[in-house]
Amino acid sequence: MSSKLYRFASAAVAAGLIVLTMTSPAHATFNPIGTEPVAPYAQPVDASVPQRGCTTTPADPKNTTSAAPAVQVIYAWHDGNGNNYESYVERIAKIVDRMDWLLDESTDYDQHVKLSCRSGYNTGTSSGYAHALVVPEKIENAVIAGETPPDVIADDLFAAGYDNANRKYLVFEDFDGTATAHCGDVCVATADEWDSGTLMHELIHLYDVDHAKVSEVPNTFSLNDIMISQYNDWQIDQEFNTYYDPSETSATFYTSSYPDTRKVNVAAYSMFTTPTCCDVGYSNDLLTAQERTIEADAPYGNPTGFTVSGGGWMQETPPGPDGQTSARYYDGRRSLTMNVQSYAEGAVSVTRKPAVTAGQRYKFFARLTTGTSGNVKLRLSWYNSSSGLISTSDSSTYSLTSGWQEYAVSAIAPTGAATVQLSVVSPAGQTFAYLLDSLQLNRCDNGRTTDGCRLNG
Ligand SMILES: [Zn+2]
């Protein structure tokens, strides 16, 4: 698949409308039932995927003026393939259940998709719920022999009365269409390859989220994320630093490479319920957005929330090649520079010590790079409830490179541990500078992955 991102405006802009199209890879040969993503682990079988259920009071979706935001699910058909609504309606409802499952399962926050239902069906049964959730719509101007573009779908829905500004239309195309997010008169997330990963990818695009990035190198993409490999992966921003942070919905993140300035946090999307902590999910984070991204301070400034001890001094990374912002950014535009001095071991630490539970495994991740060369370790320092140091758990010693590589250390909190301090430690005898960004502290109790923590990279 291609990882290109297309954004373009159409003639509708002249009419004062915002048009935004973000196309996923290949628009498919028509394949109505796609393959569900299986990473980081397989979804449960259909029968045990929870039924999401209706969020709105059932109403006529063509006439409702309800101000309650919700997703309206559409089954779209044309004369070429005919109307197969009855064959597919329950399968579509189950795919929507899977979309809700993956949103909820991505993190230890409870969060769900808001769904619009129509009146006239007994939503207490699977069939009745599916018929209330999924509304059939014939696309009169669809292309019978060839690909139907998303603006035709949006125009058709608007003309048919699906014009509520508080709805996003999630369209299952029963013909050759395109996996796309498009806003014309109404906003549609469409796909002719029906699986929860693809449809959720397109729905998230409607919040102006870009394809997932992991590097300061422009247009370099993540490998493990629903916003780039939705055919394989269902997890949403496992690093909590690119477009989704349910723990701090007021925080926003650069969703694309410099010089793009859009900042988003899809956890605040009106189409989703307010996230609440904590249930068991794939990923989690015990840091604040500032501790994770180091974005709050100006270049040369003192990085808020961090402390240095021993050999070295820190600053917000000064301007460099990308001088309009900061020199060397990773998830955001800024990072912390540690200037290592040789006279003693140096440590840059997150000042705040997050609470931990003795006997549980934790994993500290950070991205580091240097323009020269030098060695560091990651350290977990365990403290008791009287702020007394119990012990430390160090990673092996890493030789830093010129790439923004992710490093990690994982350990079980010892008996008596109440809090943990995160540090990057430079052994004595070195003089060099390194850059630090994208910190994360996982609580590894999800029981779903090998060591209970998210994947590296
Ligand atoms: Zn896309």
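Refer to the structure printed above.
As a starting point, this report considers the structure included with it. Bear in mind the structure is a predicted one, so any value in this text is a computation, not a measurement.

Where a strand is regular, its side chains alternate between the two sheet faces. Of the pairings in the sheet, the one linking strand β18 (residues 375–383) to strand β19 (residues 389–394) comprises five bridges and is antiparallel in character. The residue of β19 that forms the bridge with W382 is S391. In this antiparallel pair of consecutive strands, β18 and β19, the connection spans five residues, and S387 shows a positive phi of 65°.

Another point: the coordination of the zinc ion. Protein coordination of the zinc ion is provided by H201 (NE2), H205 (NE2) and H211 (NE2), with donor distances spanning 2.0 to 2.1 Å. Sequence spacing of the donor residues for the zinc ion, all on one chain, is H-x3-H-x5-H. Remark: H205 and H201 occur in helix α4 (residues 196–205); sequence separation between them is four residues, near one turn of the helix. H201 sits in the buried class, given a relative accessible area of 1%. Of the residues examined, H205 reaches a relative accessible area of 0% and is grouped as buried.

Looking now at the packing of helix α1 (residues 85–106) against helix α2 (residues 126–133). The geometry of α1 relative to α2 is characterised by a closest axis approach of 9 Å and an angle of 90° between their N-to-C directions. By the angle between their directions, the pair α1 and α2 is classed as roughly perpendicular. Of the residues in α2, those touching α1 at Y85, E86, V89, E90, A93, V96 and D97 are S126, S127, Y129, A130, H131 and L133. Each residue belonging to the contact of α1 with α2 can be placed in one class, and the counts come to seven nonpolar, three polar and three charged.

Looking now at unusual backbone geometry. Residue A39 is joined to P40 through a cis peptide bond whose omega torsion reads 10°. Structurally, P40 can be placed in the loop between β2 (31–33) and β3 (70–77). In the segment running from C277 into C278, the intervening peptide bond is cis, with an omega of 0°. Mapped onto the secondary structure, C278 falls in the loop between β12 (276–277) and α5 (289–293). Unlike most non-glycine residues, Y300 shows phi in positive territory, near 80°. In this fold, Y300 is placed in the loop between α5 and β13 (306–310). In this model, S387 sits at a positive phi of 65°, which is unusual for a non-glycine residue.

So, on to the state of the cysteines. Tallied over the full model, the rule gives four disulfides. Covalent S-S linkage joins C183 and C187, the inter-sulfur distance amounting to 2.0 Å. Between C183 and C187 the disulfide shows an S-S torsion of about 115°. By sign, it is right-handed. The buried category is assigned to C183, whose relative accessible area is 8%. Note on cysteine connectivity: C277 is disulfide-linked to C278, with sulfurs 1.5 Å apart. Here the S-S torsion is close to 55°, and the disulfide linking C277 with C278 is therefore right-handed. Assessed through its relative accessible area of 45%, C277 is described here as partly exposed. The class of C278 is partly exposed, set by a relative accessible area of 46%.

Counting buried residues in α2 gives six out of eight residues, a clear majority hidden from the surface. Burial in α2 covers these residues: G128, Y129, A130, H131, A132 and L133. Buried residues in α2 make contact with β3, α1 and β5 (134–138).

Cut-offs applied
Residues numbered from 1 in each chain as written. Predicted model: local features only at pLDDT ≥ 70, side-chain atom pairs only at ≥ 80, totals over all residues. Heavy atoms only, no water. Pairing = 2+ DSSP bridges. Helix = DSSP H or I, 4+ residues; strand = E, 2+ residues; numbered from the N terminus. Donors = N, O, S within 2.8 Å, 3.2 Å for Na, K, Ca; no water. Buried < 20%, exposed > 50% of the residue type's maximum accessible area, 1.4 Å probe, protein only. Axes fitted to C-alpha atoms, helices over the stretch in contact; angles between N-to-C directions. Parallel < 35°, antiparallel > 145°, perpendicular 65-115°, else oblique. Contact = heavy atoms within 4.5 Å. Nonpolar A, V, L, I, M, F, W, Y, C, P; charged D, E, K, R; others polar. Disulfide = S-S within 2.5 Å.

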